[in-house]
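Listed below, chain by chain, are the residues.
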Amino acid sequence: MRDRTILILGGTREAARLAERLVGRPATRLVTSLAGRTENPASIAGEVRTGGFGGAGGLADFLVAKGIDLLVDATHPFASRISANAEMAAKAAQVHRVVLLRPDWRPQEGDRWRMVDTLEEAARALPGATRAFLALGSQHLAPFAARPDCHFVVRMIDAPADRLPLAAYDLVVARPGSEPEEESRLFEYHRIGHVVCRNSGGNGARAKLDAARALGLDVVMVRRPEPPAGETFPTVETLADAIG
Ligand code: NAP
């Protein structure tokens, strides 16, 4: 019997952890696909391919050409285009597809969250002249250009090539802090009044929410888009166990 081939659509910590978990399995070839947005992605176990497929049709062709037996959509909860493409492509190529989707963050006692549906709404929700921390990539900042009265502190993993489209800002080039104390120090140093973020879920970026709660800061939280349809697992472990 030939080896089975699993394609993981990645770009998340969970996808990398899944690859690590599956890589030693017998008779299994493992390929992780990255969009290629991050300059220095963390190393990933197994084979890695990088770049778009050319839409749902391109992904369907890839699934057939590479003899993929199982497609795991382990992309980010806000990466809705690739998830929709994965659903269409898996149907067209008749490949089994499962989704790894980490649960969203829920407010806890002491949290001061305002939920919004879009980044535009988040920008409008900020009070006049606040100092707001934007935990958002450069492609998500344009709506905040409409708030020249606010001062923004923007944290990004990669330094942007161009000036950001904001009237007044400080840039912090760093990965999210792993400890709330680290995030609290950053917020206090920059005299942050509001934190703006998207409800990504997971542990990798949640320290900022614990810090905001500890400091009594307001959080403007952008809700997730509709999750992908299909068999969905909340953790790497449950998915890894289910696929055998
Ligand atoms: P998106 O809007 O859903 O996808 C845009 C296009 O990027 C897709 O149509 C596809 O191009 C390509 N693409 C996306 N993910 C891919 C993958 N894993 N492998 C190959 N091509 C991929 O996605 P996005 O929001 O730009 O996110 C891009 C990647 O970054 C995703 O892999 C995601 O897991 C990761 N990520 C996203 C976020 C976020 O906030 N959205 C945060 C952290 C990590 P073609 O149509 O040409 O195939």
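A look at the site of the ligand
Thinking step 1. Around the ligand, the structure places 21 residues, and the nearest of them are G10, S33, F53, G54 and R198.
Thinking step 2. Here an oxygen atom of the ligand sits 2.8 Å away from a polar atom, N or O, in the main chain of G10.
Thinking step 3. In this structure, I82 approaches the ligand through a main-chain N or O atom, which is 2.9 Å from an oxygen atom.
Thinking step 4. Elements with a minimum of two residues in the shell around the ligand: β2 (28-34) and α3 (80-93).
Thinking step 5. With four residues, the top contributor of residues to the shell around the ligand is α3.

Details of the side chain of S184
Thinking step 1. Topologically, S184 is positioned in helix α5 (residues 180-189).
Thinking step 2. Using a relative accessible area of 12% as the deciding quantity, one classes S184 as buried.
Thinking step 3. Apart from residues lying up to four places away in sequence, S184 is in contact with A211 and L215.

Thoughts on the nonpolar core
Thinking step 1. The biggest cluster of nonpolar side chains holds 22 residues, and the ones touching the most others in it are L134, F144, F152, V154 and L166.
Thinking step 2. Secondary-structure elements contributing two or more residues to this core are α4 (119-125), β7 (131-134), β8 (151-156) and β11 (218-222).
Thinking step 3. For this core, the leading source of residues is α4, giving four residues.
Thinking step 4. When sequence neighbours within four positions are dropped, the list of residues in contact with F144 reads L119, A122, A123, L126, L134, L136, F152, L166 and V196.
Thinking step 5. Grouped together as the second largest cluster of nonpolar side chains are 19 residues, I6, A15, L34 and A74 included.

Details of the sheet that holds strand β3 (residues 47-50)
The strands making up a sheet associate through backbone hydrogen bonding, with each pair oriented either parallel or antiparallel.
Thinking step 1. With parallel pairing, the six strands of this open sheet are ordered in space as β3-β2-β1-β4-β5-β12. Single-partner strands in this sheet number two, and they are β3 and β12 (232-233).
Thinking step 2. Summarising the sheet, strand β5 (residues 96-100) and β12 pair through two bridges and their orientation is parallel. What sits directly across from V99, in β12, is T232.
Thinking step 3. The strands that helix α1 (residues 13-22) touches are β1 (4-9), β2, β4 (70-73) and β5; relative to β1, the one it contacts most, it runs at about 160°.

Some words on unusual backbone geometry
Thinking step 1. Even without glycine at this site, A27 takes up a positive phi of about 55°.
Thinking step 2. Locating A27 in the fold gives a position in the loop between α1 and β2.
Thinking step 3. When its relative accessible area of 47% is taken as the criterion, A27 is described as partly exposed.
Thinking step 4. You will see that R191, though not glycine, has its phi angle at about 50°, which is positive.
Thinking step 5. With respect to the helices, strands and loops of the structure, R191 is situated in the loop between α5 and β10 (194-198).
Thinking step 6. By relative accessible area, which is 58% here, R191 ends up exposed.

About the criteria used
- Residues numbered from 1 in each chain as written.
- Predicted model: local features only at pLDDT ≥ 70, side-chain atom pairs only at ≥ 80, totals over all residues.
- Heavy atoms only, no water.
- Near = heavy atom within 4 Å.
- Polar contact = N/O pair within 3.5 Å; in protein donor to acceptor, adjacent residues only side chain to side chain.
- Helix = DSSP H or I, 4+ residues; strand = E, 2+ residues; numbered from the N terminus.
- Buried < 20%, exposed > 50% of the residue type's maximum accessible area, 1.4 Å probe, protein only.
- Contact = heavy atoms within 4.5 Å.
- Core = buried A, V, L, I, M, F, W, Y, C linked by side-chain atoms within 4.5 Å.
- Pairing = 2+ DSSP bridges.
- Axes fitted to C-alpha atoms, helices over the stretch in contact; angles between N-to-C directions.

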